[in-house]
Amino acid sequence: MARERWPRLSAFANISVYIDHSPNPPPAWTCHVCGTDWPCAKWRTANPGPAERKLLLPVISGLLPGAIRDLRGRVDGPQPPEIVKRFLFFLPLSDDEALAIARRMR
Ligand SMILES: [Zn+2]
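So, how was this worked out
- Residues numbered from 1 in each chain as written.
- Predicted model: local features only at pLDDT ≥ 70, side-chain atom pairs only at ≥ 80, totals over all residues.
- Heavy atoms only, no water.
- Axes fitted to C-alpha atoms, helices over the stretch in contact; angles between N-to-C directions.
- Helix = DSSP H or I, 4+ residues; strand = E, 2+ residues; numbered from the N terminus.
- Left-handed = near helix turned anticlockwise from the far one by under 90°.
- Contact = heavy atoms within 4.5 Å.
- Nonpolar A, V, L, I, M, F, W, Y, C, P; charged D, E, K, R; others polar.
- Donors = N, O, S within 2.8 Å, 3.2 Å for Na, K, Ca; no water.
- Tetrahedral: all angles 85-135°; square planar, octahedral: opposite > 155°, others 65-115°.
- Buried < 20%, exposed > 50% of the residue type's maximum accessible area, 1.4 Å probe, protein only.
- Core = buried A, V, L, I, M, F, W, Y, C linked by side-chain atoms within 4.5 Å.
- pLDDT = per-residue confidence, 0-100.

Focus: the packing of helix α3 (residues 50-71) against helix α4 (residues 80-87)
Step number 1: The interhelical angle for the contact between α3 and α4, taken along N-to-C directions, is 145 degrees, at an axis separation of 10 Å. Judged by the sense of rotation from one axis to the other, the crossing of α3 with α4 is right-handed. Where α3 abuts α4, its residues I60, L64, A67, I68 and L71 lie against P80, I83, V84, R86 and F87.
Step number 2: In terms of residue class, the contact of α3 with α4 is made up of nine nonpolar, no polar and one charged.

Structure, rendered in structure tokens:
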């Protein structure tokens, strides 16, 4: 495949953070380094640019149904729209948009 078909390297500026701070296996949804809710502060402060957000969106969206299933039933746990906002932290979602996404993920 032609080299120019691959995303530019700059699109992966935060790749080491994403790999190092990957989530513990479900149903934990905690960072395996920080131990905090995933995506952890390292992920959240990585501030992905537009190209990186494009790459993250399908990856994170693929995790969302499982995360909603695992996290929504916990005592004092987050509601599905909160889970959507937590996982898609890099998108400026309103409460209504997060709710709409959560309903589609069921
Ligand atoms: Zn972490």
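Focus on the environment of V17
Step number 1: Following the sequence through the fold, V17 ends up in helix α1 (residues 15-20).
Step number 2: Spatially, the C-alpha atoms of V17 and A46 are 7.6 Å apart, while their sequence positions differ by 29 residues.
Step number 3: In contact with V17, other than residues within four places in its own chain, are K42 and W43.

As for the coordination of the zinc ion
Step number 1: The coordination sphere of the zinc ion, as far as protein atoms go, consists of H21 (ND1), C31 (SG), C34 (SG) and C40 (SG), spread over 2.1 to 2.3 Å.
Step number 2: Coordination geometry of the zinc ion: the four donor atoms subtend angles of 98 to 115 degrees at the metal centre, consistent with an arrangement described as tetrahedral.
Step number 3: Read in sequence order, the donor residues coordinating the zinc ion give the pattern H-x9-C-x2-C-x5-C.
Step number 4: Using a relative accessible area of 1% as the deciding quantity, one classes C40 as buried.

Description of the nonpolar core
Step number 1: Counting residues in each nonpolar core, the largest one holds 23 residues, and the members touching the most others are W43, I60, L64, V84 and F87.
Step number 2: At the level of secondary structure, the elements contributing two or more residues to this core comprise α3, α4 and α5 (95-104).
Step number 3: Residue contributions to this core peak at six residues, all from α3.
Step number 4: Apart from residues lying up to four places away in sequence, L64 is in contact with I83, V84, F87, L88 and M105.

Here we look at the confidence of the model for the protein
Step number 1: Counting all residues, the mean pLDDT for the protein is 88, and 90% of those residues have values of 70 or more.
Step number 2: Predicted confidence in the protein is weakest over α1, with a mean pLDDT of 89, and strongest over α4, with 97.

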